[in-house]
Amino acid sequence: MKTCKNAEQLWSLVESSSRIVLVGHTNPDGDAIGSLSAMYYFIRQTGKSASLMVPNSFPDFLSCLNPAEEPVLIYRNDTDVCEKLIADADLIICMDMSGPKRIDEMSDAILKNSLTKRILIDHHLNPDVDPFDTVISDTEVSSTCELLLSLILESPVIDGDISRLSLECATSIAAGMLTDTNNFSNSIFPATLERMSLLLRRGVDRDCLYNEIFCSYSASRMKLMGYLLSEKMKIIQDGCVAFMILDKSEKEKYSFRTGDSEGFVNLPLRIKGIKMSALLTEDDEFVKVSLRSKGDLDVNRFAREYCNGGGHRNASGGRLYMNISETAAYFTESVYDYFKKA
Ligand code: 5GP
Ligand code: MN
């Protein structure tokens, strides 16, 4: 069976490879950058190195995770360098993505070389396993970083002893867990807090990490958040669903930078009665959809059926290929249809 939870196969592949490339998804979040840097620090501990890359840029607040000696490459900025590293690689490890679709134009380069071994390490539902030689998939974890910690603990180098883990690696893992759980408010499994506890014992400074990640916003981002909530939030479906639309002119007005809208989609869920929240953001070639829900409401199904996307039950995303002016009506009708069927 291709899908496995056992770490042995992973670490023996790492052991026998010398040109390793680590890949994270488009619009990288804390779990994507955290898993890349954690894996890098761990591989370095075994006496090897690796190259790190993602399709497009990531928000400033994640720079604290970026390894100074091997910074994450941005494929869109450094295409030739990335293409060469990918072509020369003997092992490619994709993390925190359900499949190559999540790396857009980078997937061609990744899939081209059939001699290179490819591993996927991920926590999303329904991963696309075909393009990979080995898939380590577990949906019962908060984040890819949490899954990676469990794998690293099983490695011969660490052998269950957290004190052997470097502090940089532990901190990167904690960052991914912190961001994917929105500071431990969702996606928590019984082992999640035990694993976080191990990281704290290892010396991770949670307060410092929290400040770096959640308290380093620009003033214009804060103003954009206020504007969206007061002027753009619409409540539909008898008070069950909230959505906000952010168009290009508004992005410009508030000097929008990558990552500025991180977390906005969670805010309407604090309203009593709201079970589902969406943020629709105009991008160059599509409208990006972010979806969150409470309880049993399955936004993964909504994302797959109406938004060309997917994700998790309570946190999903996708893309709409239409004009931003058409999205409010499309979204409202889709919600109506979805609730009628449910
Ligand atoms: P976010 O709203 O933070 O961008 O994404 C939340 C989750 O939805 C991500 O962790 C990812 O699992 C999923 N997701 C976001 N965008 C897409 C997409 O375009 N396609 C798929 N399949 N999943 C997505
Ligand atoms: Mn994740």
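These numbers come from a predicted model, not from an experiment.

Cut-offs applied
- Residues numbered from 1 in each chain as written.
- Chains lettered and ligands numbered in written order.
- Predicted model: local features only at pLDDT ≥ 70, side-chain atom pairs only at ≥ 80, totals over all residues.
- Heavy atoms only, no water.
- Near = heavy atom within 4 Å.
- Polar contact = N/O pair within 3.5 Å; in protein donor to acceptor, adjacent residues only side chain to side chain.
- Helix = DSSP H or I, 4+ residues; strand = E, 2+ residues; numbered from the N terminus.
- Nonpolar A, V, L, I, M, F, W, Y, C, P; charged D, E, K, R; others polar.
- Pairing = 2+ DSSP bridges.
- Contact = heavy atoms within 4.5 Å.
- Axes fitted to C-alpha atoms, helices over the stretch in contact; angles between N-to-C directions.
- Salt bridge = Lys/Arg side-chain N within 4 Å of Asp/Glu carboxyl O.
- Buried < 20%, exposed > 50% of the residue type's maximum accessible area, 1.4 Å probe, protein only.
- 1 Å grid on protein atoms, 1.4 Å probe; cavity = no way out; pocket = protein on both sides within 12 Å on 5 of 7 lines; lining within 4 Å.
- Points joined across faces, edges and corners; volume = space filled by probe spheres on them.
- Domains from an automatic or database assignment.

Novice: Would you mind going over the site of ligand 1 with me for this structure?
Specialist: In the vicinity of ligand 1 there are 13 residues, among which H124, K288, S290, R292 and S316 approach most closely. Separating an oxygen atom of ligand 1 from a side-chain N or O atom of S290 is a distance of 2.5 Å. G310 is positioned such that a nitrogen or oxygen atom in its backbone is 3.2 Å from a nitrogen atom of ligand 1. Elements that contribute at least two residues to the shell around ligand 1 include exactly strand 10 (287–293), strand 11 (310–311) and strand 12 (315–320). With four residues, strand 12 is the single largest residue contributor to the shell around ligand 1. Of the residues assigned to the shell around ligand 1, the class counts are one nonpolar, nine polar and three charged.

Novice: Can you help me understand the sheet that holds strand 3 (residues 73–74) in this one?
Specialist: One key point about sheets: their strands pair by backbone hydrogen bonds, in either a parallel or an antiparallel sense. Spatially, the six strands line up as an open sheet ordered 3-2-1-4-5-6, and their pairing is parallel. Lying at the two open borders of the sheet, with one neighbouring strand each, are strand 3 and strand 6 (134–137). As paired strands, strand 1 (residues 20–23) and strand 2 (residues 50–54) are joined by four bridges and run parallel to one another. Within strand 2, the residue paired with V21 across the bridge is S51. Strand contacts of helix 2 (residues 30–45): strand 1, strand 2, strand 4 (91–95) and strand 5 (117–122), with the helix running at about 175° to strand 2, the strand carrying the most contacts.

Novice: Would you take a moment to explain the pattern of salt bridges for this structure?
Specialist: Side-chain pairing between opposite charges can occur once the charged atoms of the two side chains come close. Per the stated rule, a full pass over the model turns up 14 salt bridges. Among the salt bridges present, the one from K84 reaches D88, with a minimum N-O distance of 2.7 Å. Residue K84 and its partner D88 are located together in helix 3 (residues 79–88), separated by four residues, close to a single helical turn. Judged by its relative accessible area of 36%, D88 is partly exposed. When the shortest N-O distance is used, the salt bridge between D161 and R164 registers 3.6 Å. Look at R164 and you get partly exposed, because its relative accessible area is 39%.

Novice: Is there a simple way to explain the layout of surface pockets in this structure?
Specialist: Regions of empty space are outlined by a rolling probe, equal in size to a water molecule, passed over the atoms. There is about 250 Å³ of room inside the second largest pocket. Lining the second largest pocket are 15 residues, and of these D60, F61, R257, T258 and D260 sit closest to its centre. Broken down by class, the residue content of the lining of the second largest pocket amounts to four nonpolar, seven polar and four charged. Looking at the lining of the second largest pocket, you find at least three residues from each of domain 1 (7–214) and domain 2 (219–341).

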